[in-house]
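Letter by letter, the chains look like this.
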Amino acid sequence: MTLTGRSPITMFGPDFPFPYDDWLRHPAGLGRLPRHRLGTPVAVAGGGISGLVVAYELMKLGLRPVLYEPGELGGRMRSVPFEGHPDSLAELGAMRFPTSASTLFHYLGLLGLKTRPFPNPLAPGTPSTVLDLGGVVHHVRTADELPAAYLEVGDAWEKALQDGAERSSVEDAIRRRDVPALKSVWNRLVAELDDQSFYGFLAASSAFESFRTREVFGQIGFGSGGWDTDFPNSILEVLRVVCTHADDDQVSILGGAQQLPVGLWTHPPENLAHWPAGTSLSSLNAGAVRPAVTRLSRSGEAITVEDSSGERRDFAAVVFTPHVWTLLGQVDCAPELLSVPQWTAVERTHYMNASKLFVLADRPFWRDPDPVTGRDTMGMTLTDRIPRGVYLFDDGPQRPAVMCLSYSWNDDSAKMGPLDDAQRLAIVLRQLKAIYPDVDIASHIVAGPISVTWEREPHFMGAFRANLPGHYRYQRRLYTQFMQRGLPAAQRGFFLSGDDISWTAGFAEGAVTTALNAVWGVLDHLGGATHPGNPGPGDRFAELAPVELPY
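Residues numbered from 1 in each chain as written. Predicted model: local features only at pLDDT ≥ 70, side-chain atom pairs only at ≥ 80, totals over all residues. Heavy atoms only, no water.

Participant: Would you explain unusual backbone geometry in this entry?
Facilitator: Cis geometry marks the peptide bond from Gly13 to Pro14, where omega comes out at 5°. Relative to the helices and strands, Pro14 is located in the segment before helix H1 (20-25). Between Gly448 and Pro449 the backbone carries a cis peptide bond, its omega angle lying at 5°. With respect to the element layout, Pro449 can be found in strand S20 (residues 445-453). Even without being glycine, Leu122 reaches a positive phi, approximately 65°. Position of Leu122 among the secondary structure elements: in the loop between strand S6 (115-117) and strand S7 (129-133). (Helix = DSSP H or I, 4+ residues; strand = E, 2+ residues; numbered from the N terminus.)

Participant: Where do I start with the pairing of strand S4 (residues 85-91) in this structure?
Facilitator: Walk down a regular strand and you will see the side chains alternate between the two sheet faces. Both strand S3 (residues 79-82) and S4 contribute to a ladder of four bridges, which runs antiparallel. Looking at the pairing, Pro81 lines up with Leu89 of S4. The antiparallel hairpin formed by S3 and S4 contains two residues in its connecting segment, where Gly84 sits at a positive phi of about 80°. (Pairing = 2+ DSSP bridges.)

Participant: Looking at this structure, I do not really get the environment of Asp524. What am I missing?
Facilitator: In this fold, Asp524 is placed in helix H16 (residues 508-525). Sequence separation between Asp524 and Arg32 is 492 residues, and the spatial gap between their C-alpha atoms is 9.7 Å. Not counting the four nearest positions on each side in its chain, Asp524 is found in contact with Arg485 and Arg492. (Contact = heavy atoms within 4.5 Å.)

Participant: I keep staring at the side chain of Ser408 and nothing clicks. Help me out?
Facilitator: Here Ser408 shows up in strand S19 (residues 401-409). According to the relative accessible area criterion, Ser408 is buried, its value standing at 0%. (Buried < 20%, exposed > 50% of the residue type's maximum accessible area, 1.4 Å probe, protein only.)

Participant: Is there a simple way to explain helix H15 (residues 472-479) in this structure?
Facilitator: For an α-helix, the turn length of 3.6 residues means that residues three or four places apart are oriented alike. For H15, the buried fraction is high: six of the eight residues fall into the buried class. Those residues of H15 lying buried are Tyr472, Gln475, Arg476, Arg477, Leu478 and Tyr479.

Participant: I would appreciate a short explanation of the nonpolar core in the present structure.
Facilitator: Inside soluble globular proteins, nonpolar side chains tend to come together where they are buried. The biggest cluster of nonpolar side chains holds 129 residues, and the ones touching the most others in it are Leu58, Tyr107, Trp157, Phe198, Leu516 and Val522. Take this core: its biggest share by element is 10 residues, from H16. Among the nonpolar cores identified, the runner-up in size contains 26 residues, and Ala43, Ala45, Phe315 and Leu327 belong to it. (Core = buried A, V, L, I, M, F, W, Y, C linked by side-chain atoms within 4.5 Å.)

Participant: Help me understand the sheet that holds strand S14 (residues 332-333), please; the structure alone is not making it clear to me.
Facilitator: Hydrogen bonds between backbone atoms are what pair the strands of a sheet, whose relative direction is either parallel or antiparallel. Taken in spatial order, the four strands make up an open sheet running S12-S11-S10-S14, and their pairing is mixed. Each having just a single partner strand, strand S12 (312-315) and S14 make up the two edges of the open sheet. Examined bridge by bridge, strand S11 (residues 302-307) and S12 share four bridges and lie antiparallel to one another. Bridge pairing links Glu306 to Arg312 in S12.

Participant: Got a minute to help me understand the pairing of strand S8 (residues 136-140) in this structure?
Facilitator: Judged from the five bridges that link them, S7 and S8 form a sheet pairing that is antiparallel. Looking at S8, one finds that Asp132 is bridged to Val137. Linking S7 back to S8 in an antiparallel pair, the connection comprises two residues, with Gly134 at a positive phi of about 60°.

Participant: Even after reading the chapter, I still don't get the packing of helix H5 (residues 167-176) against helix H6 (residues 179-193), so can you show me in this structure?
Facilitator: Helix packing geometry: the angle between the two helix axes and the distance between the axes. Where H5 contacts H6, the two axes come as close as 8 Å, and the packing angle between them is 145°. In this structure, H5 meets H6 at a crossing whose hand is left-handed. Where H5 abuts H6, its residues Ser169, Val170, Ala173, Ile174 and Arg176 lie against Ala181, Leu182, Val185 and Leu189. Here the contact of H5 with H6 is composed, by residue class, of seven nonpolar, one polar and one charged. (Axes fitted to C-alpha atoms, helices over the stretch in contact; angles between N-to-C directions. Left-handed = near helix turned anticlockwise from the far one by under 90°. Nonpolar A, V, L, I, M, F, W, Y, C, P; charged D, E, K, R; others polar.)

Participant: Just checking my understanding: could you explain the packing of aromatic side chains for this structure?
Facilitator: How two aromatic rings sit relative to each other is given by the distance of their centres and the angle of their planes. What the rule picks out here adds up to 27 aromatic pairs. With a centroid separation of 6.3 Å and 85° between ring planes, the pair formed by Phe198 and Trp227 is classed as edge-to-face. Of this pair, Phe198 sits in helix H7 (residues 198-204) while Trp227 sits in the loop between helix H8 (211-220) and helix H9 (235-243), and the two are 29 residues apart along the sequence. Judged by its relative accessible area of 0%, Phe198 falls in the buried class. (Phe/Tyr/Trp six-rings, centres within 6.5 Å; stacked < 30°, edge-to-face > 60°.)

Participant: Sorry if this is basic, but what is going on with the pattern of salt bridges here?
Facilitator: Side-chain pairing between opposite charges can occur once the charged atoms of the two side chains come close. Here the structure, examined in full by the defined rule, presents 32 salt bridges. Taken together, the shared-partner salt bridges in this structure form one network comprising Asp15, Glu237, Arg240 and Arg465. (Salt bridge = Lys/Arg side-chain N within 4 Å of Asp/Glu carboxyl O.)

Participant: Can you help me understand the sheet that holds S8 in this one?
Facilitator: Ordered by their spatial adjacency, seven strands build an open sheet running S8-S7-S17-S18-S19-S16-S20, and the pairing between neighbours is mixed. In this open sheet, the two strands that pair with only one neighbour each are S8 and S20. With direction set aside, neighbouring strand axes in the sheet form an average angle of 15°. The pairing of strand S17 (residues 380-383) with strand S18 (residues 389-393) spans two bridges and is classified as antiparallel. Following the sheet pairing, Thr381 is matched in S18 by Val390. Packing against the sheet, H8 makes contact with S7 and S17, and its axis sits at approximately 135° to S7. Contacts between helix H14 (residues 421-435) and the sheet are confined to S7, S8, strand S16 (354-361), S17, S18, S19 and S20, with S20 contributing the most and set at about 110° to the helix.

Participant: What is the right way to look at the environment of Asp21 in this model?
Facilitator: Tracing the backbone through its elements, the reader meets Asp21 in helix H1. On the accessibility criterion, Asp21 (4% relative accessible area) is buried. The sequence separation of Asp21 and Thr103 amounts to 82 residues, and the corresponding C-alpha distance is 4.7 Å. Residues in contact with Asp21, not counting those within four places in the same chain, are Ser102, Thr103 and Arg177. Only 2.8 Å separates the side chain of Asp21 from the side chain of Arg177, close enough to count as a polar contact. (Polar contact = N/O pair within 3.5 Å; in protein donor to acceptor, adjacent residues only side chain to side chain.)

Participant: Got a minute to help me understand the environment of Ile174 in this structure?
Facilitator: One can find Ile174 in helix H5. The buried category is assigned to Ile174, whose relative accessible area is 0%. Linking Ile174 and Phe12, residues 162 residues apart in sequence, is a C-alpha distance of 6.1 Å. In contact with Ile174, other than residues within four places in its own chain, are Ile9, Thr10, Phe12, Leu182, Cys243 and Thr244.

Structure (structure tokens):
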């Protein structure tokens with residue numbers, strides 16, 4: 001939470017502390033292109049939030065983005081209406097966004113999209129939270145009501161962060177946007193902790209000496225819930241989330257997250273270069289995207305894009321935003337477009353799996369008071385059973401209400417993978433009956449189920465990237481790929497972006513900021529430049545570059 005009188009924490013760095021929000025707000029804009037480059041077609045592969053931001057900003061600069069997308073616009077911002085209830089949505093992908101995501105919020109504001117607090121466990125707007133561990137159930141409304149053992153686990157986590165990761169120093173530098181102080185602390189932490197897993201970091205802390213403390217922390221976690229499925233990942237992945245408050249003060253987008261990428265497709269920007277007023281990405285693309293990219297090759301100075309219809313087109317630049325693993329099989333990509341070390345980084349990329357299951361209830365019956373205890377009938381639920389996380393969305397006492405009956409990750413997601421929707425629902429309802437023996441959830445269901453398992457979705461490789469210990473060097477190669485000055489000609493003009501390129505995978509902020517890196521890269525590649533008073537990420541790269549660990 002932001003304290004009164006203090007600057008807010010934002011997702012500023014820590015690996016590359018460039019102020020993307022300030023860059024976007026500057027009246028000089030993101031840059032200018034040579035006159036002869038205006039109207040030049042540029043291919044953008046992927047219609048998720050990263051691809052739409054790239055295309056939107058390139059259009060503003062005066063280029064002609066050609067968007068390729070095999071499915072519908074949105075990517076992992078996928079809002080699916082329930083049959084017969086078009087206003088009730090299952091958010092299959094991104095559904096909660098931290099208020100610290102200041103660059104993302106630039107685009108939410110641009111489109112006039114509204115938000116509301118997300119019902120995370122123990123969040124101020126969450127009526128009640130239910131914890132079910134080892135068959136023991138606790139009903140609480142605030143953190144102060146937690147059992148003493150759980151409060152001790154929370155204290156242990158705070159102690160581990162301070163003693164082992166200098167949390168207060170990192171957060172203070174982020175709050176003040178003090179680049180020298182931030183890089184001094186964070187660069188040292190990267191060198192010290194790159195080889196450490198999340199679990200190893202906990203086990204090495206005196207605050208987590210007992211296995212039981214680590215076990216309870218894994219189930220209950222912090223912020224949005226239990227994080228034991230992240231235990232094998234690099235502790236640096238978790239520290240980035242914690243120190244930028246990405247797991248705190250989260251909101252949902254009213255009307256569905258998919259409105260954001262779809263809105264950028266149809267929104268006519270102000271201050272367009274080259275194009276007439278009222279131009280949008282949709283109008284530049286005749287109202288339709290091109291189908292899936294199937295092949296990428298080099299044709300002299302141009303890059304040839306072949307799509308699933310068989311059409312081949314040459315482009316001066318290409319921005320690729322889908323998961324990088326798709327370059328290994330789904331797309332026949334010429335090896336010369338990336339360096340050998342970059343291809344190694346693509347191969348080593350590690351993805352998290354995730355599953356969700358939604359139903360629509362006739363009304364938010366979980367707010368009914370229990371006649372014996374007076375408590376809410378149900379609450380946001382964290383459990384060590386198969387459902388893992390249950391989220392409840394209330395749109396009014398007599399309106400249909402969305403229930404996310406299960407949100408699970410990795411091994412827990414794999415348990416759902418072979419099951420169809422009906423089987424998933426039956427299993428989840430049976431498990432929840434053990435927590436809520438007197439609640440007949442099924443009698444309130446009026447639509448659904450709707451489910452997703454991201455590792456099984458076409459064109460996706462999982463929910464998002466999550467680095468393993470020792471992967472920092474690989475991530476740095478992918479993140480810095482937009483810096484192409486001095487590279488061999490064969491490796492120039494092809495740019496990667498998306499949340500798996502970013503330091504904060506799984507967060508839309510990372511997808512947006514790497515999109516802006518790619519925009520700068522295309523601008524530079526085509527002979528353009530930023531305004532001297534508003535330098536871009538590439539202009540400040542030498543000053544802000546992520547630390548380079550010895551090889």
